[in-house]
Amino acid sequence: SIAQAPRILYQKSKCSKSEKIEDALLLECPLGEMLPSPSDYKSSLIVLTVQNWLLRLSADSGEVLEKVYLAGSCCKSFRYLSWDTPQEVMVVKTIQHKLPAAARQAGIQQSTLFYLAVFQVLPLSFIGMLEINKKIFGNSVTDVAVSNGILIVMYSMGLVRLYNFKAILEQFMEQPFDLGQEFNWNGQVGVVGKYPFGLPCNIKITDTPPLLFEASSLENAFQIGGYPWHYIITPNKKKHKGVFHICSLKDNTLAKNGIQDMKCCSLEPDWIYFHPDMSGRIIHVGPNLIKVLKLKEVKNHTDQMEIAEDFTIVANRENCVNNTVTVTASGRVVKKRFNLLDDDPEQETFKIVDYEDELDLLSTVAVTQIGADGRAHLDFHCNEHGILLKSIPLREPWDVTYSHEVYFDKDLVLHIEQKPNRRFSCYVYQMVCDTAKDD
């Protein structure tokens, strides 16, 4: 901000609890496409309210551009927004339906678990609504999600099942409807997306869809990526927490060197995920080590893949000596009864790893707690080779007991800190060219 204080673009008036926003998605217009309304070309927010209204708001003014009423007679509790295909297909999900205790004691059976409403965005159009029920998918379903054309069903015992969501839409769609269309559906007469009728549940799954894939994983943790396709799971036993298996999606075979275990002793667990740059690589982050892994063919075995390290980034712990045995000035031998944790606050520890696609940089935030204050620095690494290009010390102290988020986009860095009692601080950095240097 050039001015001494930021300028407010707009401020929405205080609303009642019944108008509270439950979830939101940022919507950007696609490049090179003709859209029906001039407002479609501007950034907007899709928001979901507690009263089951889906609103499209202008990101610049807060003006309501479109509104759709979701809940007809079938359901009253839509709470979650997510992308099936980012910026193209959106899914609105209810909370899990549970009968009141009195109804259960009376012997009333409830088969419906979730409802999903699917929309095409820009222009906003209704694709269909379906229910996930016990009769088709089983009694132990705990959650469902839709991503990239796949319906993901999660079960209480750690089982994850995948179904072709597009095939389900095509096979079980009873009748398509458009927003604003008058309809007579199962004895109801109304307008699609208008109060009080909402949306018809026009996709009826009458039989178990063909199963694409299933796997058992601790806490339902399951990821797909790489080339050729692989998946990452943790074996479904608590003793395996922190151990990751990388397997072929084609035949479930474990890749060579496919068991990744950092064997770190820390309060915060290490984490692993497929690299968002679509290179097929894998990022494994521990307290003091970041591994970027790649899939490659095993020599003389073109049908088998192995996991190899592409590069590693190591925390700066040169001055850290963690001897279990020390000798005092008088010559007395003192043995420590325990070792320091790998993420001990007094040691430099990785807290955040992110990827900036437009600059093709891998960014890391490392923190060291020195006395009462913590100090952090943001490092930029070459995404291809991991070479350190620039290190930026963050001026503000970093208290590891608070919640922190760091966003890096083009030439801006935002550090958002949440303190107790919902107090937030936002620190803004901007990168500028140093014209005084030739390099």
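Per an unreviewed UniProt entry, the protein chain carries the name DCA17 factor and comes from Campylorhamphus procurvoides.

Looking only at helices and strands, the protein chain features three helices and 31 strands. Excluding contacts between residues fewer than 6 apart, the proportion of contacts in the protein chain whose partners are at least 24 apart in sequence is 43%. Carbon and sulfur atoms make up 51% of the accessible area of the protein chain, which amounts to about 25,900 Å² in all.

Here we take up the sheet that holds strand β3 (residues 53-58). An order of β1-β2-β3-β4 is seen for the four strands of this open sheet, with the pairing classed as antiparallel. The sheet is open, and its two borders are formed by β1 (21-27) and β4 (64-69), each paired with just one other strand. In this sheet, adjacent strand axes meet at a mean angle of 20° when their direction is disregarded. In this structure, β3 lies alongside β4, joined through five bridges in antiparallel fashion. Within the sheet, the bridge partner assigned to Leu-54 lies in β4 and is Val-68.

For the rest of this paragraph, the subject is the pattern of salt bridges. Summed over all chains, the structure comprises 12 salt bridges. Of the charged contacts, one joins Asp-261 and Lys-263 as a salt bridge, the two residues approaching to 3.4 Å between their closest N and O atoms. Judged by relative accessible area, Lys-263 falls into the exposed class, the value being 68%. The salt bridge involving Lys-291 is made with Glu-309; its shortest N-O contact spans 3.7 Å. With Lys-291 in strand β21 (residues 289-298) and Glu-309 in strand β22 (residues 301-314), the pair connects residues that are 18 residues apart, well separated along the chain. On the basis of relative accessible area, Lys-291 is assigned to the buried category, the value being 17%. One network of salt bridges, in which partners are shared, links Asp-277, Arg-281, Lys-294 and Asp-310.

Neighbouring strands of a sheet are bound in pairs by backbone hydrogen bonds; such pairs are parallel or else antiparallel. Strand order in the open sheet formed by four strands is β25-β26-β27-β28, and the pairing between neighbours is antiparallel. On the outer flanks of this sheet lie β25 (349-356) and β28 (388-393), each paired with one strand and no other. Neighbour-to-neighbour, the strand axes of the sheet open up by a mean angle of 20°, direction not taken into account. Note: strand β27 (residues 373-382) against β28, five bridges, orientation antiparallel. Residue His-377 lies in a different strand from β28, and its bridge partner there is Pro-393.

If a probe as big as a water molecule is rolled over the atoms, it shows which places are left empty. Overall, the coordinates contain one cavity of 30 Å³ or more when judged by the stated rule. Taken as a whole, the largest cavity spans an internal volume of roughly 30 Å³. Lining the largest cavity are Ile-352, Asp-354, Ser-363, Thr-364, Val-365, Leu-378, Val-406 and Phe-408. Ranked by the residues each element gives to the lining of the largest cavity, the list is headed by strand β26 (residues 361-370), at three residues.

Calculation notes
- Residues numbered from 1 in each chain as written.
- Predicted model: local features only at pLDDT ≥ 70, side-chain atom pairs only at ≥ 80, totals over all residues.
- Heavy atoms only, no water.
- Helix = DSSP H or I, 4+ residues; strand = E, 2+ residues; numbered from the N terminus.
- Contact = heavy atoms within 4.5 Å.
- Areas by Shrake-Rupley, 256 points an atom, 1.4 Å probe, with all protein chains shown as cover.
- Pairing = 2+ DSSP bridges.
- Axes fitted to C-alpha atoms, helices over the stretch in contact; angles between N-to-C directions.
- Salt bridge = Lys/Arg side-chain N within 4 Å of Asp/Glu carboxyl O.
- Buried < 20%, exposed > 50% of the residue type's maximum accessible area, 1.4 Å probe, protein only.
- 1 Å grid on protein atoms, 1.4 Å probe; cavity = no way out; pocket = protein on both sides within 12 Å on 5 of 7 lines; lining within 4 Å.
- Points joined across faces, edges and corners; volume = space filled by probe spheres on them.

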